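# Structural overview for review
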Amino acid sequence: MELVVEDAVFVTMAADGGPSGLGGAMLVRDGRIAAVGPAAAVRAAAAPGARVVRLDGATVVPGLIDAHCHVADVGYLAASADCSQPSAPDIPAVQARLREAAGRTPPGSWVTGSGYVEYKLREGRHPTRADLDQAVPDRPAVLYHTSLHACVLNTAALAEAGFAERQPDPPDGAFGRDRDGRLDGVVFERPMFALFERNLRADLARMDAGARTRLVQVAGQRLAAFGLTAACDADMRRASLAAFADADAAGLLGLRIYGLVVHDQVDWLLASGLRGRRSGRLAAEAVKIWADGGMSSRTAAIHGSYPVPPYGSGILYFEREELTEMVGDFDARGFQVAIHAQGDRAIETVLDAYAAVLGGEPGGAGGAGNPLRHRIEHGGAMYPPLAARAAALGIVLVSQPGFLSTLGDGFAEAFGDRSDQLYSFGSWQRAGITVAGSSDAPVITADPRLGLRDAMLRRTGGGRVLGPAERLTAREALALYTTRAAFAARREDEIGSLAPGKRADFVVLDANPLDADPEHIPGIGVLATVLGGRPVHDSGGVLDGG
Ligand SMILES: [Zn+2]
């Protein structure tokens, strides 16, 4: 069956610019784009009897790609209590949400809430175990910070996690404490990751295959409603990869998933036979490593120290030599490596490791380039000298413009004078780095329209513009989520632009983001999302029209 889409504005993002303006059309055949261009030529190329859909002047853009998203976590946390701000403005509201969640959480599972940011709560602090005990006194409850670098446990959860009242801080992590030194329920970094992973794994294990597939489906539906047709899952593990594989086999995977497999699961991955391109919709060819903590939890490893709690200089997970050895090992086995690095101290360490493995130093010769496209994830404090090194090494950067409006005021508090140089998309592009866009959802919403606006405006929630010189144009911003994200996922031959031969992944919007007032981009309607020629989201039946 062939499909002709016409009477639309096509924003192809193709290298040659492609057709633009009304009067264009696109022919879809066997899940791929067969032609895109002037309507008469496209119609002439179509077989007799091809279905024709007229879009009444809507805009068609390539399927959007989120180059760093915790897709399985989006599905998992979709079922938890929404404790984000402003939806839950204070601790009593958080408690009410948790109480409500307790009523629908199956026995054995922890009552789970997510999405809070302590400095956005009216009280301006993390909730404590006592706050959670009031809401859920008799069974374990956990409240995840939006960064997923911190959480709060009630007393029952602390006990079940095996955290003793006065135990010292673990390596690469910390516990919040009351005035007497007893645990106040807040857990930072490594023990928090272990808890999240444990709970996710336990809850996935408790689900039958149908429930696991539904979790993946819910995540896919949420992302498709935002116009996303592909995502790199930045935290792929055994249980989640199995869930994606099941959904894929059942034909229920509603977006293309490129897995960044957590480094300590690579041996399992190799033994499982799931490495590589499993299908057009599922691949696992990259390895994820965390070099430091998060920006919004103030645990990113920086030079100097934070002027705000928890103070300190952040947490660096690996020394240079250890990281170099890991990168060298994965590189030798043909994996693309993607390293989470937020603070300048962590980014420097990661660049040292990449330089040692790739053999190219800035200004020097002898480097073989970066054929596997090793990446840095986030790069928040990648200041100009670091950006120059990354550009010289050919490192791909995957970052999150949407942090600026959602978490930017907290960055400004933590980074003071340097906050204008955070997430410096303009400087990075001028330095020659390939930068891809992403959300890091569920840390913030996966909605790429927010990222498009923030890449252009850079305005925080409080109304401050961080680094006006770092703003991107509309076309540059859209490239983050199309051509650049496709490159970061090594799929630019298949997705990221509308061109003959590529997969027919596209989005129908009710306005053209390249012409819109950036202020209004988050309000642009996603009328339909199409994956491989088939709708995965169709809000108004626009694709039914003839
Ligand atoms: Zn992430």
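It should be noted that the structure appears before, not after, this text.
Residues numbered from 1 in each chain as written. Predicted model: local features only at pLDDT ≥ 70, side-chain atom pairs only at ≥ 80, totals over all residues. Heavy atoms only, no water.

### Looking at the sheet that holds strand S9 (residues 150-153)
By definition, the strands of a sheet pair up through backbone hydrogen bonds, in either a parallel or an antiparallel sense. The six strands lie next to each other as S6-S7-S8-S9-S11-S10, forming an open sheet whose pairing is mixed. Only two strands of the sheet have a single neighbouring strand rather than two, namely strand S6 (81-82) and strand S10 (173-177). Pairing of S10 with strand S11 (residues 183-189) involves four bridges; the strand directions are antiparallel. Within S11, the residue paired with Arg177 across the bridge is Leu183. Where helix H3 (residues 91-104) meets the sheet, it contacts S6, strand S7 (111-116) and strand S8 (141-145), and its direction lies at approximately 145° from that of S7. (Pairing = 2+ DSSP bridges. Helix = DSSP H or I, 4+ residues; strand = E, 2+ residues; numbered from the N terminus. Contact = heavy atoms within 4.5 Å. Axes fitted to C-alpha atoms, helices over the stretch in contact; angles between N-to-C directions.)

### Here we look at H3
Over its 14 residues, H3 runs 21 Å from end to end, which matches the ideal 20 Å to within 8%, given 1.5 Å per residue. Along H3, the positions that sit buried rather than exposed are Ile91, Ala93, Val94, Gln95, Leu98 and Ala101. Looking at the buried residues of H3, the elements they touch are S6, S7, helix H4 (129-135) and S8. Measuring from the side-chain oxygen of the N-cap residue of H3 to the backbone nitrogen of Ala93 gives 3.0 Å; that N-cap residue is Asp90. (Expected span 1.5 Å × (residues − 1). Buried < 20%, exposed > 50% of the residue type's maximum accessible area, 1.4 Å probe, protein only. Polar contact = N/O pair within 3.5 Å; in protein donor to acceptor, adjacent residues only side chain to side chain.)

### Considerations on unusual backbone geometry
Note: most peptide bonds trans; most residues except glycine with negative phi. With omega at 10°, the peptide bond leading from Gln85 into Pro86 counts as cis. The step from Ala441 to Pro442 runs through a cis peptide bond, and the omega angle for that step is 10°. You can see Pro442 is positioned in the loop between strand S19 (435-437) and helix H15 (448-457). Although it is not a glycine, Asp30 adopts a positive phi angle of roughly 50°. Mapping Asp30 onto the fold places it in the loop between strand S2 (24-29) and strand S3 (32-38).

### Let's talk about the coordination of the zinc ion
Donor atoms from the polypeptide that coordinate the zinc ion comprise His68 (NE2), His70 (NE2) and Asp440 (OD), at 2.1 Å from the metal. Along the chain, the residues donating to the zinc ion fall in the pattern H-x1-H-x369-D. In this pair, His68 is assigned in strand S5 (residues 64-69) and Asp440 in the loop between S19 and H15, connecting sequence segments 372 residues apart. Judged on exposure class, the residue His68 and its partner Asp440 are both buried. (Donors = N, O, S within 2.8 Å, 3.2 Å for Na, K, Ca; no water.)

### Topic: the pattern of salt bridges
Two side chains of opposite charge can pair, provided their charged atoms sit close to one another. Tallying each qualifying case throughout the model produces 34 salt bridges. Residue Arg32 pairs with Glu494 through a salt bridge whose shortest N-O separation is 3.4 Å. Of the two residues, Arg32 sits in strand S3 while Glu494 sits in the loop between helix H17 (483-488) and strand S20 (506-509), which places them 462 residues apart along the sequence. Asp267 serves as the salt-bridge partner of Arg333, at 3.7 Å between the closest nitrogen and oxygen. Of this pair, Arg333 sits in the loop between helix H10 (320-332) and strand S16 (336-341) while Asp267 sits in helix H9 (residues 266-272); the two residues are 66 residues apart in sequence, bridging distant segments of the chain. A cluster of three or more residues bridged by salt bridges with shared partners is formed by Arg32, Arg277, Glu285, Arg490, Arg491, Glu494 and Arg503. (Salt bridge = Lys/Arg side-chain N within 4 Å of Asp/Glu carboxyl O.)

### Topic: the packing of helix H13 (residues 403-415) against H15
For the pair H13 and H15, the least separation of the axes is 9 Å and the interaxial angle reads 65°. Residues Leu404, Ser405 and Thr406 of H13 lie in contact with H15, whose contacting residues are Leu450, Arg453 and Asp454. Grouping the constituent residues of the contact of H13 with H15 by class yields two nonpolar, two polar and two charged. (Nonpolar A, V, L, I, M, F, W, Y, C, P; charged D, E, K, R; others polar.)

### Some points on the sheet that holds S2
Across the sheet, seven strands lie side by side as S3-S2-S1-S4-S20-S21-S22; this open sheet has mixed pairing. The sheet is open, and its two borders are formed by S3 and strand S22 (534-538), each paired with just one other strand. Across the sheet, the mean angle from the axis of one strand to that of its neighbour is 35°, orientation sign disregarded. Two strands pair when backbone bridges link them, and strand S1 (residues 2-10) and S2 are joined in this way by six bridges, in the antiparallel orientation. Bridge pairing in S2 places Val4 opposite Leu27.

### Things to note about the nonpolar core
Ranked by size, the top nonpolar core spans 125 residues in total, and within it Leu153, Ile376 and Met382 carry the most contacts. Ranked by residue count, the leading element in this core is helix H11 (residues 344-358), at eight residues. With residues up to four places along the chain from it excluded, the contact list for Ile376 reads Ile339, Ala341, Ile347, Val350, Leu351, Tyr354, Met382, Ile395, Val396, Leu397 and Val398. (Core = buried A, V, L, I, M, F, W, Y, C linked by side-chain atoms within 4.5 Å.)

### Considerations on the side chain of Glu494
Classification of Glu494 as buried rests on a relative accessible area of 12%. Discounting residues that sit within four places of it in the chain, Glu494 has contacts with Arg32, Arg277, Lys502 and Arg503.

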